[in-house]
Every structure is written in structure tokens, then in C-alpha cells.
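So you can see what is in the structure, the chains are spelled out below.
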Amino acid sequence: MGMDEGKSRTNAKTMNAVRFHEYGPPEALRFERVTRPSAGTREVLVRVRAAGVNPGDWQMRSGWAAEKFGLSLTLPFTPGYDLAGIVEEVGPGVTRYRAGDRVFGMTAAAGAYAEFVAVPESRLALLPAALDDVQAAGVPMSAFTAWTAVHAQAQVLPGQTVLINGASGGVGHFALQFAKLAGARVIAVTSGRNRAFAEALGADDVFDYTADDWAALAGVADAVIDTVGGEETEALVRSVRQGGSLVPVGWGRYSPELARKIGVRVQELLMAPFEADRLARIGERLAAGDLRAEIGAAMPLAEAARAHALSESRRARGKIVLQAGE
Ligand SMILES: NC(=O)c1ccc[n+]([C@@H]2O[C@H](COP(=O)([O-])OP(=O)(O)OC[C@H]3O[C@@H](n4cnc5c(N)ncnc54)[C@H](OP(=O)(O)O)[C@@H]3O)[C@@H](O)[C@H]2O)c1
């Protein structure tokens, strides 16, 4: 065995990944060599080409999620749920995929900010040829959350008016499009700089929360989907008509007394369930051009700290995606 052969075998056991060793600011993320995982039973080892960034990733990194949900992570921890890549190897019992397939989906226990991650085959879908890895990696969590908010929670019907707060964000820009596809009239709430973006996605009206008067929206919406949250969002409750619903996605607090008085149903959305068939259908719509995944920023995996700082600024448009490998 030559030197080079031995070296490559050693390299195959490790990979680049981003981890945090303690809770902290974006700089807590370290780009380092770690042990490469392998595919367990009914798992697929994916060579990650792109990993999507979600606010949950930095809510875990900062320690916020540990405090709020009592979630205790085993450190060091590799964040990241959303991914797109190529099947490297399949574990025992895998029937749907084989090496070389292009896939996208969500890991079961984070770990996507890495060159390789093991994912249950049930949490993946085949990636249509027309979709690139970066776009695809921006889709799963945001699109599922948006789909669940529009269909399972708000149960939007044709002709209804839906107000989407944070319509330019990861979840919001999908919710806007799903509500339009459901036949609703959509009022998008964004800052002025995202007006044209929201209109291009199909918004019927754009409300600039930095300039416009919330009083004008009182009672206009059959459903409000709030991806922003905040301490007290009275104006959002007031924008729902009697008998309508408010779907909190962004951990907002709403006065139960006011909601009761107006007759607003507040329907908390916890974790949207993952469904591989639905992801495949969303992929087809994206490939056909009926749906658009906006990638506001893409950067190398090694710059995960910068990606987290951008996401935490709450100023990102659409999705932020990390690119792994060449
Ligand atoms: N329950 C779940 O399973 C689940 C799943 C996914 C996400 N979430 C939560 O949902 C929230 C949204 O996630 P995301 O990925 O959509 O976030 P995001 O992409 O980071 O949202 C950024 C967007 O929010 C807009 N924004 C910021 N402040 C605003 C305000 N006051 N009013 C209106 N828009 C505002 C920004 O637009 P401007 O620059 O125009 O202000 C920006 O485009 C997060 O808290 C996340 O943790 C929950």
C-alpha cells in the first residue's frame, strides 16, 4: 500500500463540519475535522452539497432553545436540519435510494452543517433535475411550516383574505405563495425595501410595518400567519375578523383576553410534521416554476458564523444557505 492510499483512507474517516462546543454567540461555531458518520439501518449517508439555515439553528446554538424548551443538547453539536446532496451510501434495509441519487430533506437530529450526514430514508425526497442544491436546501423546514400554517392550521379557502406578517422571510415567503395557490387574497407585511419582492411573489397588498398605520387593517383578515412574533402583538389580533384565526409561527405572545373579546382562534403551530411525499410534490412545483425558493444569501460552510449573524439580524430575505464541498 502506497503512502497516498493510506492517507486517503485516513481522510475518508473524517470530514469538515461546523460545531459548537458551548452555547454562545455566532463565533461559538467552529469549522473543524470530525469523524465521518456512516449509514445505520434504514438510513442514507448523504454527501451534503448545501445546508439550509433556520432560526432554530441559532436558537439552539445560543442556548435560547435549551432555556425555553428545556432541550439539552449533547455537546459538541453540529446544527442544521435542511439539506440537499448526493447519496454516498445506503444502510441496511434502505429501499428507496441508491448511491448517486440527488436528494433533499431534513435530518432527524440536526447535523447538516457537515460534508456528510446520515438521514433516515423516510426524511428524504428525490431532487428534481431542474432544482439546484442551494435552492433545494432552502426549502424543507420553511416550506413545511408554511404549508402547515396555511392548510392544516388556518385552513385557508379560496376568496379568503390572509395576512402574512414577515412575508419576506424564510417561512413567510412560502406562506404567501401557498396562500395564493389556495386562492386567497394576500396582504403581505414587510418593510418597504421588500415591497417589490412581496408583489413579485403575488401579494395583493403590501403593508409596510415601518410606515403604515395598523388601524387600517382592523378586522380585514380571515387568517393571520405571524412569522415574526414579539412580546405584545395586539395589532395582529385586531387585524383578524370575528371567527377568524391567528397562527403563531414565530413564538409571539398575544393577549388571550383580546382574542376572546374579538372572537379570534389562536392556533399555536409547534413542529410541522415531515412528509416525504409532500416534499416531493413541493419539489415538483418548484421545478415547474409554480413556486419559488428565494435564496437571499449563500456562503461556504466555513462561514456558518456569518450566516448565523445574518439570520439573527432578522433582516434576511428568503433563505440563507451554506454550501459544502465543491
Ligand atoms: N414552529 C416551527 O416549527 C417553526 C419552524 C420554522 C420557523 N419557526 C419560527 O418562525 C420564525 C420565522 O422564521 P423564518 O425562517 O421565516 O425567519 P427569517 O427568515 O429570519 O425572517 C426574516 C424576515 O423577517 C422580516 N421581519 C423582521 N422583523 C419584522 C417585523 N417586525 N415585521 C414584519 N417582518 C419582519 C424581515 O423582513 P424586513 O427586513 O422587511 O423587516 C425578514 O425578511 C422564527 O422565530 C422561527 O424560529 C418556527
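Please read all numbers here as calculations on a predicted model, not as lab measurements. (Residues numbered from 1 in each chain as written. Predicted model: local features only at pLDDT ≥ 70, side-chain atom pairs only at ≥ 80, totals over all residues. Heavy atoms only, no water.)

Enquirer: Describe the confidence of the model for the protein chain, with residues and values.
Expert: Fine structural detail should not be taken from predicted coordinates in areas where pLDDT scores are low. Looking at the protein chain as a whole, the pLDDT averages 94, with 96% of positions reaching at least 70. Contacts from residues 1-10, a stretch scored under 50 in pLDDT, to residues over four places away or in other chains number two contacts. (pLDDT = per-residue confidence, 0-100. Contact = heavy atoms within 4.5 Å.)

Enquirer: Summarise unusual backbone geometry; cite the residues concerned and give the values.
Expert: Glycine aside, a negative phi is what most residues show, and trans is what most peptide bonds show. In this model, L75 is joined to P76 through a cis peptide bond whose omega is -5°. Structurally, P76 can be placed in the loop between α3 (64-69) and β4 (82-90). Even without being glycine, R42 reaches a positive phi, approximately 55°. Along the chain, the position of R42 falls in the loop between β2 (29-35) and β3 (43-53). Not every positive phi belongs to a glycine, and R314 is a case in point at roughly 60°. Structurally, R314 is set in the loop between α11 (304-312) and β15 (319-323). Overall, R314 belongs to the partly exposed group, its relative accessible area being 43%. (Helix = DSSP H or I, 4+ residues; strand = E, 2+ residues; numbered from the N terminus. Buried < 20%, exposed > 50% of the residue type's maximum accessible area, 1.4 Å probe, protein only.)

Enquirer: Outline the environment of V162, supporting the account with residue identities and numerical values.
Expert: One can find V162 in strand β8 (residues 161-165). For the pair formed by V162 and S245, sequence separation is 83 residues and the distance between their alpha carbons is 9.7 Å. Contacts of V162, omitting those with residues within four sequence positions, involve V156, A179, A184, R185, V186, I187, A223 and I225.

Enquirer: Which residues make up the domain arrangement of the protein chain, and what are the values?
Expert: Taken domain by domain, the protein chain comprises domain 1 (2-139 + 294-323) and domain 2 (142-266). A straight line from the C-alpha centre of domain 1 to that of domain 2 covers 30 Å. The interface of domain 1 with domain 2 comprises 16 residues on the first partner and 14 residues on the second. Summed over both sides, the interface between domain 1 and domain 2 buries roughly 1100 Å², with carbon and sulfur atoms accounting for 47% of that surface. Linking domain 1 with domain 2 are zero salt bridges, by the criterion used here. Taken together, domain 1 and domain 2 are joined by 10 residue pairs in polar contact (both at pLDDT 80 or more). Broken down by element, the residue count for the side of domain 1 that touches domain 2 peaks at three residues, all from α3. (Domains from an automatic or database assignment. Buried area = accessible area lost by both parts, 1.4 Å probe. Salt bridge = Lys/Arg side-chain N within 4 Å of Asp/Glu carboxyl O. Polar contact = N/O pair within 3.5 Å; in protein donor to acceptor, adjacent residues only side chain to side chain.)

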